[in-house]
Amino acid sequence: DIRLLEIEIDKPLKFWAGQYVDLTLAGRSITRAFSMANAPADGGHLSFIIKKYPNGAFSSLLDGELKVGDAVVAKGPYGTCFRREERPGPMLLIGGGSGMSPIWSILSDHIASGEQRPIRFFYGARTRADLFFLEELQAISEKLSDFRFIPALSHASDEDKWDGEAGFVHEVVARHLRAEKMSGAIDAYACGPTPMIDAMLPVLQMNGVEPDHIYFDKFTPATR
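Predicted, not measured: the structure shown is a model, and the values here were computed from it.

The subject of this paragraph is the sheet that holds strand β3 (residues 30-35). Backbone-to-backbone hydrogen bonds join strands into a sheet, with any given pair of strands oriented parallel or antiparallel. In space, the three strands of this open sheet follow the order β3-β2-β5, with antiparallel pairing throughout. Every interior strand has two partners, whereas the edge strands, β3 and β5 (72-78), have only one. Here the strands of the sheet are splayed against their neighbours by 25° on average, with no regard to which way each runs. Inspection of the sheet shows strand β2 (residues 20-25) paired to β5 by five bridges, in the antiparallel sense.

Right, dumping it as structure tokens:
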């Protein structure tokens, strides 16, 4: 239920990694906020990782109704959950569902910057089938000196044959932060459904992440 939407734009859009735009479908009066998945350096086009909902006002159009050549209007950028540059401490990236989109932009921008810092990327999904970009993440782990991708499945079944982290992603983050005890000022970026973010914020603060170093976006579906 995850889709990748790519659009070409008339002129490059300047934005910070992690920000979003309002997309309006011409002639449909449907406007929805989506975070960019590409790095700002790729501003000649915009990519979006979107979770598809059966009754989603916008996302339900991504399996055929929205076609190549259809016109959209992008307005923005907006948002304060963007990558802070030149920070020496560890960085936590936490996503769930289409929360992968801004996190992917932040990670791509960090790699392009050449900066080096410890990165822990937590991603919450229901089952193994909900995981994606695994090959790309493996390639990133081989490129960065101190990077770990930690997926967590909340509803893994016997069919998943899963031996990784189980439980809700905020529980997994709590376990890892208690075990690793990372040093230095930690920056945390969390993007995903509202319940995930609401559960994550106290976990981060109780494990030494200062409130002014926590950046988040809550994603809610817009139904018809």
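On to the environment of G167. The residue G167 is located in the loop between β9 (165-166) and α3 (169-180) in this model. It is 36 Å that separates the C-alpha atoms of G167 and G76, two residues lying 91 residues apart in sequence. Apart from the residues within four sequence positions on either side, G167 is in contact with A152, L153, S154 and V172.

Glancing now at the nonpolar core. Counting 25 residues, the largest nonpolar core has L93, L107, F121, F147 and Y189 as the members making the most contacts within it. For this core, the elements supplying multiple residues, two or more each, are β6 (91-96), α1 (100-113), β7 (119-125), α2 (134-143), β8 (147-153) and β10 (187-193). When residues of this core are assigned to their parent elements, the largest contribution, five residues, is made by α1. Residues in contact with F121, not counting those within four places in the same chain, are L93, M100, I103, L107, L137, F147, R148, F149 and I150. One finds V172, I186, A188 and M200 within the second-largest nonpolar core, a separate group that totals 22 residues.

We now examine the packing of aromatic side chains. Tallied over the entire structure, the rule returns nine aromatic pairs. Here Y20 and Y78 contribute two aromatic rings whose centre-to-centre distance is 5.7 Å and whose plane-to-plane angle is 45°, an arrangement assigned as tilted. Taken together, the residues Y20 in strand β2 and Y78 in strand β5 connect sequence positions 58 residues apart. By relative accessible area, which is 23% here, Y20 ends up partly exposed. On the basis of an interplanar angle of 25° and a centroid distance of 5.2 Å, the ring pair of Y189 and Y215 is categorised as stacked. Of this pair, Y189 sits in strand β10 while Y215 sits in strand β11 (residues 214-219), and the two are 26 residues apart along the sequence. Comparing Y189 with Y215, the two get one shared label, buried. In textbook terms, an aromatic cluster arises when at least three aromatic residues are bridged by ring pairs, as seen for W104, Y123, F132 and F133. Cation over ring: R84 sits above F82, and NZ or CZ is 3.9 Å from the ring centre. One Lys or Arg, R84, reaches over the ring of Y215 and ends 3.9 Å from the middle of that ring.

The next subject is unusual backbone geometry. With glycine set apart, most residues show a phi of negative sign, and most peptide bonds adopt trans. Along the chain, G76 connects to P77 via a cis peptide bond; the corresponding omega equals 10°. Position of P77 among the secondary structure elements: in strand β5. Although it is not a glycine, S29 sits at a positive phi angle of roughly 55°. Classification of S29 as exposed rests on a relative accessible area of 73%.

Cut-off values and rules
- Residues numbered from 1 in each chain as written.
- Predicted model: local features only at pLDDT ≥ 70, side-chain atom pairs only at ≥ 80, totals over all residues.
- Heavy atoms only, no water.
- Pairing = 2+ DSSP bridges.
- Helix = DSSP H or I, 4+ residues; strand = E, 2+ residues; numbered from the N terminus.
- Axes fitted to C-alpha atoms, helices over the stretch in contact; angles between N-to-C directions.
- Contact = heavy atoms within 4.5 Å.
- Core = buried A, V, L, I, M, F, W, Y, C linked by side-chain atoms within 4.5 Å.
- Buried < 20%, exposed > 50% of the residue type's maximum accessible area, 1.4 Å probe, protein only.
- Phe/Tyr/Trp six-rings, centres within 6.5 Å; stacked < 30°, edge-to-face > 60°.
- Lys NZ or Arg CZ within 6 Å of the ring centre and 35° of its normal.

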